[in-house]
Amino acid sequence: MSLKPERRGIHVDQSELLCKDGCGYYGNPAWQGCCSKCWRERTRRQQQKNQKDHPQAIGGRNDGTSPTSYIFSKFEEKKSSEKARRANTVRKLFGSSKQQSKPENVAVHLSSVPSTQQSRSSDFSEFLKSLRKPSSQLIQNRCLSFIESLQGRRDLTVEQQSDHVQDFYQSMATHFTDFTGYPSDRSDKMMDNIEKMIMTQLYKSVFCPDTSDDEQKDLLIQKRIRMLHWVTAEMLRTPLCEEQSEVNDNILSAITAIIEMDSKRAPQDKLSCISRCSNYIFKAIQVSRSSPATADDFLSSLIYVVLKANPPRLQSNIQYITRFCHPNRLMMGQAGYCFTNLCCAVTFIEKLDAPALNLTHEEFDQYMRGQRAPVRRIPPFLLQEGCPGLKQMQKNQELLTELHARQDKILMEAKRFEKELNEWTMSISSQVEEIIAKFPLTSSVSKM
Ligand SMILES: [Zn+2]
């Protein structure tokens, strides 16, 4: 993913959000820009190649006898035609790679997806009830025995655990489409519920496990965000107009939503938090300038919200969703779009530098060292409410700004003075050298 800070401000081509293998789904930096299916296909091919090259080294789970790998390839064949169809729809939504995405695209795309959080949770309790029926016994048994078997395997790395879970999703999806003959929307719903049931149980053992470096990554990004606390919405070139109370409220709600992500267990519930956060951001942008948000507006505002929120265990949550979410959710739709943008935002925050914020390198360093602070205006709607403390703060801030300006002036004067002094010293010494050259000391000594 190439971020282009030299363009001043934040810009990512919509085509760069899509899978590098060109299937039309969303890609993810965790899979080197591929979507989860293409990525798994790549690693599978690599594993098969390794096995051919070293037949006796049967490592990992793909020893060729796994029934799920057979089911998977069958599943892939069956899905490929549908995949192409869906890929076209996604392309239509975002335009071809050469076209700039039009502002309406994002808005249309997002508003066409109903926010189904409530209906989904009632779905889940219905699902749990339905599992008690004898006809659902098979599903329940398969899920329970899978949870048990995975919890029993302490030797697995988190990537292997992820592979097992993804294989399980695939075999269940195949079961619904091939054997029970469910239409795809019903099968998708079932898969949502199965994901939720399994991952709620497995959460403790697979979220941010000791065997991974997720925790270190969490600490790194947390520290990085803390160091960037001074970044303003203006520096990021967001259209957000924080002086308006409605915009401010929406930003606060977006911050709350993204922080809430850490408290959810199922990947889809975490994704819902990201989608909710994104919806508030879209509202904030819309109110700010009464026109639909462009993709760049959205990304820059999302970066701003992430910087303000510093969400707990951000990397762990992203990794967990990437590893254990049902792939369909990540590869398309609103949730997929928002998640891909969140991953982009994190990558951007890691690389954030002076040109991206429209600052000089000197200014950027001063901000990072805490020698400079941005001027933050207190929104007029807060001042109108007549809180004396806020008015005092406003006055203090104005005073501070003035002091800063005076300090800068003094520093500049001092530097100029230093320069003049240096020049003066140099001119004196060169004059002295000149005189010495004209009247060498040796000749005067010898005359005496
Ligand atoms: Zn792909």
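In this text, all values refer to a predicted model and were calculated from it rather than measured experimentally.

Engineer: Any chance you could explain the overall build of the protein chain here in plain terms?
Structural biologist: From N to C terminus, the protein chain includes 18 helices and 0 strands. Expressed as a percentage of the 448 residues in the protein chain, the buried residues total 32%.

Engineer: Which parts of the structure should I look at to understand the nonpolar core?
Structural biologist: Here is a general trend for soluble globular proteins: nonpolar side chains tend to be buried in one another's company. Grouped together as the largest cluster of nonpolar side chains are 84 residues, with contacts concentrated most on Cys35, Ala254, Ile258, Ile281, Ile303 and Val305. Apart from residues no more than four positions distant in its own chain, Cys35 is found in contact with Cys19, Cys23, Tyr25, Tyr26, Gly27 and Met331.

Engineer: Help me out: how do you make sense of the packing of helix 10 (residues 267-289) against helix 12 (residues 314-324) in this one?
Structural biologist: At a minimum axis separation of 9 Å, helix 10 and helix 12 run at an interaxial angle of 125°. The angle between helix 10 and helix 12 falls in the class oblique. For the pair helix 10 and helix 12, the crossing hand works out as left-handed. Two secondary-structure elements touch here, helix 10 through Pro267, Lys270 and Leu271 and helix 12 through Asn317, Tyr320, Ile321 and Phe324. For the contact of helix 10 with helix 12, the class distribution of residues is 5 nonpolar, 1 polar and 1 charged.

Engineer: What am I meant to see in the packing of helix 6 (residues 158-179) against helix 7 (residues 184-206) here?
Structural biologist: Any two packed helices are characterised by the angle at which their axes cross and by the distance between the axes. Two elements in contact, helix 6 and helix 7, have axes separated by 10 Å at closest approach and are oriented at 155°. Overall, the two elements helix 6 and helix 7 adopt an arrangement that is roughly antiparallel. When you trace helix 6 past helix 7, the crossing you get is right-handed. The residues of helix 7 that touch helix 6, namely those facing Val158, Gln161, Tyr169, Met172, Ala173, Phe176 and Thr177, are Ser187, Met190, Met191, Ile194, Glu195 and Val206. Taken together, the residues of the contact of helix 6 with helix 7 break down into 9 nonpolar, 3 polar and 1 charged.

Engineer: Teacher, can you tell me more about the confidence of the model for the protein chain here?
Structural biologist: When pLDDT drops low, the exact placement of atoms in the prediction is not to be read closely. Residues at a pLDDT of 70 or more form 79% of the protein chain, whose mean pLDDT is 80. Within the protein chain, no element has a lower average pLDDT than helix 2 (residues 67-94), which sits at 35, and none a higher one than helix 9 (residues 245-260), at 96. Between residues 1-7, whose pLDDT stays under 50, and residues either more than four places distant or in other chains, the model counts 15 contacts. Note that residues 57-117 has pLDDT below 50 and, in this model, 63 contacts with residues that lie over four places away or in other chains.

Engineer: What is the right way to read the environment of Glu350 from this model?
Structural biologist: Inspection of the secondary structure assignment puts Glu350 in helix 14 (residues 333-351). Exposure remark for Glu350: the 13 C-beta atoms within 10 Å place this residue in the partly exposed category. Distance from Glu350 to Ile221, taken between C-alpha atoms, is 7.2 Å for residues 129 residues apart in sequence.

Engineer: What am I meant to see in helix 12 here?
Structural biologist: Three or four residues apart is the spacing at which side chains of an α-helix point the same way, because the helix has 3.6 residues per turn. With 10 of its 11 residues buried, helix 12 lies for the most part within the structure. Those residues of helix 12 that sit buried are Leu314, Gln315, Asn317, Ile318, Gln319, Tyr320, Ile321, Thr322, Arg323 and Phe324. If you follow the buried residues of helix 12, they end up packed against helix 6, helix 7, helix 8 (214-227), helix 10 and helix 14.

Engineer: What is the right way to read the environment of Leu17 from this model?
Structural biologist: Structurally, Leu17 is set in the segment before helix 1 (36-53). The sequence separation of Leu17 and Cys343 amounts to 326 residues, and the corresponding C-alpha distance is 9.9 Å. When sequence neighbours within four positions are dropped, the list of residues in contact with Leu17 reads Val12, Tyr26, Gly27 and Thr340.

Engineer: Which parts of the structure should I look at to understand unusual backbone geometry?
Structural biologist: Most peptide bonds adopt trans geometry, and most residues besides glycine take a negative phi value. Of note, the phi angle at Arg237 is positive, near 60°, even though the residue is not glycine. Of the residues examined, Arg237 has 19 C-beta atoms within 10 Å and is grouped as partly exposed. With a phi close to 60°, Asn358 is a non-glycine residue in the positive phi region. Its location among the elements puts Asn358 in the loop between helix 14 and helix 15 (361-368).

Engineer: Looking at this model, I keep getting lost on helix 9. Mind explaining?
Structural biologist: The first and last C-alpha atoms of helix 9 sit 22 Å apart over 16 residues, in line with the 22 Å expected at 1.5 Å per residue. Looking at helix 9, one finds that the buried residues are Val247, Asn250, Ile251, Ala254, Ile255, Ala257 and Ile258. Seen from one end, helix 9 has its buried residues packed into an arc of 165°, which puts them on one side. Check the buried side of helix 9 and you find it contacts helix 10 and helix 11 (295-309).

Cut-off values and rules
- Residue positions are given per chain, counted from 1 along the sequence in the order it is written.
- A pLDDT threshold of at least 70 governs which residues receive local features in this predicted model, and a stricter bar of 80 or more applies before side-chain atom pairs are shown or counted, although totals over entire chains, interfaces and linings include all residues.
- Helix numbers and strand numbers start at the N terminus; a helix is a DSSP run of H or I with at least 4 residues, a strand a run of E with at least 2.
- Partly exposed residues are those whose C-beta has more than 12 but fewer than 20 other C-beta atoms within 10 Å; with 20 or more the residue is buried, with 12 or fewer it is exposed, and the C-beta atoms are placed from the backbone.
- We define a nonpolar core as a collection of buried residues of the types Ala, Val, Leu, Ile, Met, Phe, Trp, Tyr and Cys that are connected via C-beta atoms lying within 7 Å of each other.
- Throughout, a pair of residues is in contact if the C-beta atoms placed from their backbones lie within 7 Å.
- Every axis in this analysis is a line fitted to C-alpha atoms, fitted for helices over the stretch in contact. Angles between the N-to-C directions lie between 0 and 180 degrees.
- Each angle receives one of four descriptions, namely roughly parallel if under 35 degrees, roughly antiparallel if over 145, roughly perpendicular if within 65 to 115, and oblique otherwise.
- Should the near helix be turned counterclockwise from the far one by less than a right angle, the crossing is left-handed, whereas a clockwise turn marks it as right-handed.
- Residues are grouped as follows: nonpolar covers Ala, Val, Leu, Ile, Met, Phe, Trp, Tyr, Cys and Pro; charged covers Asp, Glu, Lys and Arg; every other residue, Gly included, is treated as polar.
- The predictor attaches a confidence to each residue, called pLDDT, with possible values from 0 through 100.
- Every helix has an expected span of 1.5 Å times one less than the residues it contains.
- The directions considered for the arc run from the helix axis to the C-beta atoms.

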